[in-house]
Amino acid sequence: MTALSQQKRFTLEWIDERARRFSDWHLKIWEYAEPAWREYKSAKAYCDLLRAEGFEVEEGSGGMPTAFAATWGKGGPVLGSYAEYDAVPGNSQQVVPYQAPRPGLHPWAAGHTDPHSALGTTALAGVLAAKAAMEKFGLKGTLKFFGEPAEKVCGSKPVHAAKGYFDGADAFISYHPHFTNTAIWDTQCGSYWSAVFTFETLAPETWIDKSLVPTRHTSHTAARCPGAIDALCLMYTMTKYTKEAMFPHTGTWTLNEFVMVAGDATSDNLPPRFSQIQYSWRSPMLGVQQQIYNVLANNARHAAGTTGCRVSVRWVTKTRVGLTNHAMADVTFENMKLAGAPKFSDEAREFGRKIQASLGLEPQENPFLEDAERLMPPQEYEAYLRRALPEWQHHYTSDDYVDYTWHAPTVRLLTMRPRLRPPNVGYEYPAWVHNALGGLPAAINPGIFLGAKTIAATLIDLLTSPEILERAQSEFKERTGGGIGGAEWVAPLLPRDFQAPVDLRWPEYIETVRGEEWWIPTPASGAGMGEVL
């Protein structure tokens, strides 16, 4: 069991004394609400702050404009954590107890769902508190703090890993807001792969033999080459038909698609020349990931051949699966117990009750889930998680933190984000509810500060108790069959020269003569779609 040393007590008090600073920081990032690969304001804000705190900061690390790598200190141990700050398109919401997208923007603009604004703030506060203790007590070591954009497409961590940014580290702490307060024990996240298939109509004039047509020079009446839009539609349809043939529907694997760009706006009898569709899939095993891709690639080739197109594939990301470390989970949860369970204020509870009333529900005395205000031991959470999983499945859902786990002992820390208690088992709150609560300091701050204190105290243990770090590293070597390069170690799945797909048509905010707006032009009213049918 870890003790509340003077260094740890200092970090806990340091965070409490600066609670308003970090609460304001969270709201700043929450208000930016910038989506994947387009987090320009958020990344700059982090870089400026870290430089002011004395860190050496590499902006645009790994060739990613909104990523960064910050370092402070000298010598070992080398300990790291990271911030995420991307928001999610289609989730714009104000901090009000009813559905209300942010004014002045398209109603389907971005908003923080998890929220990553709290994720980054929590890790930042924990690392800065540890740094302050290192300065006060003369502790030796190096802190690394990464800016990881585009987590919603698992975009940056596999790139940082492939390019060597995680090399030489001794331990990492991964944090995420959750509905519980715990540390992951065995069932870490699985793998997430994503690729964009591009269809191009290069030679539509060769589609038919025009010598057979009397009016051979009149394109308006000629049989038109199907083109890129038809290729995309066939790809979409064939993949829906073959989805059940990719892998048995066990292991909770998923496949999702997103149409990025599609063709030309035209009134002529001309084929669309260009279309793109993104596929993202997650599963508990790398072999399953490859099998899914094999079917996708086969579908793409056939869709292209049927429509007179050329098809190419651009990888967005490939993550590994998570590697657990019990030693790291143990010390982290012990420090969570030192920090103490979080509690909601009356302000937060009243806001939750107002949400319930606005949805026509009976307001509850305590509108939040009970698990948000208690600590859940890792083994208890493990049992909870595995209730719906088959015995053979060792990973579940996805997150690109998994790439950290193969370079140094890593813990996956979770602390509560506000989730409302459903009125009955089958009820699910709409997404805007969670998004609104994520922007309310009274509701989100208890989880932020518990996470920050836990991170800070765990970093202090790793800096001051060599035996704790030694246990974690010994377990890492055992699980990887000898450490980096060992018999059971899995190398990064992306090549070292991989170019992150920052140039693709990702949703973003733009500047026009009308001011800042979402990439879909802001409508005068409603969603801009005209009369509802």
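To start, this report covers the structure provided alongside it.

Thresholds, definitions, all that
Residues numbered from 1 in each chain as written. Predicted model: local features only at pLDDT ≥ 70, side-chain atom pairs only at ≥ 80, totals over all residues. Heavy atoms only, no water. Helix = DSSP H or I, 4+ residues; strand = E, 2+ residues; numbered from the N terminus. Buried < 20%, exposed > 50% of the residue type's maximum accessible area, 1.4 Å probe, protein only. Areas by Shrake-Rupley, 256 points an atom, 1.4 Å probe, with all protein chains shown as cover. Lys, Arg positive; Asp, Glu negative; His and termini not counted. Charge placed at Lys NZ, Arg CZ, Asp CG, Glu CD. Pairing = 2+ DSSP bridges. Phe/Tyr/Trp six-rings, centres within 6.5 Å; stacked < 30°, edge-to-face > 60°. Expected span 1.5 Å × (residues − 1). Arc of directions from axis to C-beta. Contact = heavy atoms within 4.5 Å. Axes fitted to C-alpha atoms, helices over the stretch in contact; angles between N-to-C directions. Parallel < 35°, antiparallel > 145°, perpendicular 65-115°, else oblique. Left-handed = near helix turned anticlockwise from the far one by under 90°. Nonpolar A, V, L, I, M, F, W, Y, C, P; charged D, E, K, R; others polar.

Once that is clear, we can look at the overall build of the protein chain. Check the secondary structure of the protein chain and you find 13 helices and 14 strands. Overall, the C-alpha framework of the protein chain stretches about 90 × 55 × 45 Å when taken along its three principal axes. A burial count over the protein chain gives 56% of its 533 residues as buried. Element-wise, carbon and sulfur atoms account for 53% of the exposed surface of the protein chain, whose accessible area totals about 22,300 Å². Looking at the protein chain, you have 50 positive and 59 negative side-chain charges, and the mean spots of the two groups are 2 Å apart.

Once that is clear, we can look at the pairing of strand β13 (residues 509-512). Pairing between β13 and strand β14 (residues 515-518): four bridges, direction antiparallel. Across the sheet, the residue bridging to Thr-512 is Gly-515, located in β14. Joining the antiparallel neighbours β13 and β14 is a turn of two residues.

Looking now at the environment of Asp-16. Tracing the backbone through its elements, the reader meets Asp-16 in helix α1 (residues 6-17). Relative accessible area serves as the criterion here: at 46%, Asp-16 is assigned to the partly exposed category. Taking the C-alpha atoms as reference, Asp-16 lies 7.9 Å from Phe-449; in sequence the two are 433 residues apart.

With that out of the way, let us pick up the packing of aromatic side chains. Within this structure, the stated rule accounts for 25 aromatic pairs. Aromatic pair Phe-68 and Phe-145: ring centres 6.4 Å apart, planes at 40°, arrangement tilted. Here Phe-68 is found in strand β2 (residues 68-74), whereas its partner Phe-145 is found in strand β4 (residues 141-147), with 77 residues between them in sequence. Judged by its relative accessible area of 1%, Phe-145 falls in the buried class. Both rings, one in Phe-166 and one in Tyr-404, keep their centres 4.0 Å apart while their planes meet at 20°; by these two values the pair is stacked.

On to helix α9 (residues 346-358), then. The terminal C-alpha atoms of α9, which comprises 13 residues, lie 18 Å apart, in line with the 18 Å expected from a rise of 1.5 Å per residue. Among the residues of α9, those classed as buried are Ala-348, Arg-349, Phe-351, Gly-352, Ile-355 and Gln-356. One face of α9 carries all of its buried residues, which in axial projection span an arc of 160°. Exposed side chains of α9 directed beyond 90 degrees from the buried face belong to Asp-346 and Glu-347. Close packing links the buried residues of α9 with α11 (431-438) and α12 (441-464). Just downstream of α9, Gly-360 is the residue with a positive phi angle, here 80°.

In this section: the packing of helix α4 (residues 116-137) against α12. Running from N to C, α4 and α12 cross one another at 40°; their axes reach a closest spacing of 8 Å. On the basis of their axis angle, the class for α4 and α12 is oblique. Where α4 crosses over α12, the handedness of that crossing is right-handed. Touching Ala-118, Thr-121, Thr-122, Ala-123, Ala-125, Gly-126, Val-127, Ala-129, Ala-130, Ala-133 and Met-134 of α4 are Ile-444, Ile-448, Gly-451, Ala-452, Ile-455, Ala-456, Leu-459, Ile-460 and Leu-463, all from α12.

Remark: α1 packs on helix α2 (residues 19-32), axes separated minimally by 4 Å, with the N-to-C direction vectors making an angle of 60°. Put simply, α1 runs oblique to α2. Residues Trp-14, Ile-15, Asp-16 and Glu-17 of α1 form the contact with α2, whose participating residues are Ala-19, Arg-21 and Phe-22. Each residue belonging to the contact of α1 with α2 can be placed in one class, and the counts come to four nonpolar, no polar and three charged.

Read from one edge of the open sheet, seven strands run β1-β2-β4-β3-β5-β12-β6, paired in mixed fashion. Only two strands of the sheet have a single neighbouring strand rather than two, namely β1 (56-59) and β6 (182-183). Bridge count for β1 against β2 is four bridges, and the pairing is antiparallel. Across the sheet, Val-57 pairs through a bridge with Ala-70, a residue of β2.

Here we come to unusual backbone geometry. The omega torsion of the bond from Gly-76 to Pro-77 falls at 0°, within 30 degrees of zero and hence cis. For the bond running from Asp-114 to Pro-115, omega is -5°, close enough to zero to count as cis. Structurally, the position occupied by Pro-115 is in the loop between β3 (78-83) and α4. The phi dihedral of Ala-33 is positive, around 45°, even though this residue is not glycine. As for its placement among the helices and strands, Ala-33 is situated in the loop between α2 and α3 (40-52). Classification of Ala-33 by relative accessible area gives buried; the value is 1%. Phi at Thr-397 is positive, roughly 55°, even though this residue is not glycine. Looking at the secondary structure, you find Thr-397 in strand β11 (residues 395-398).

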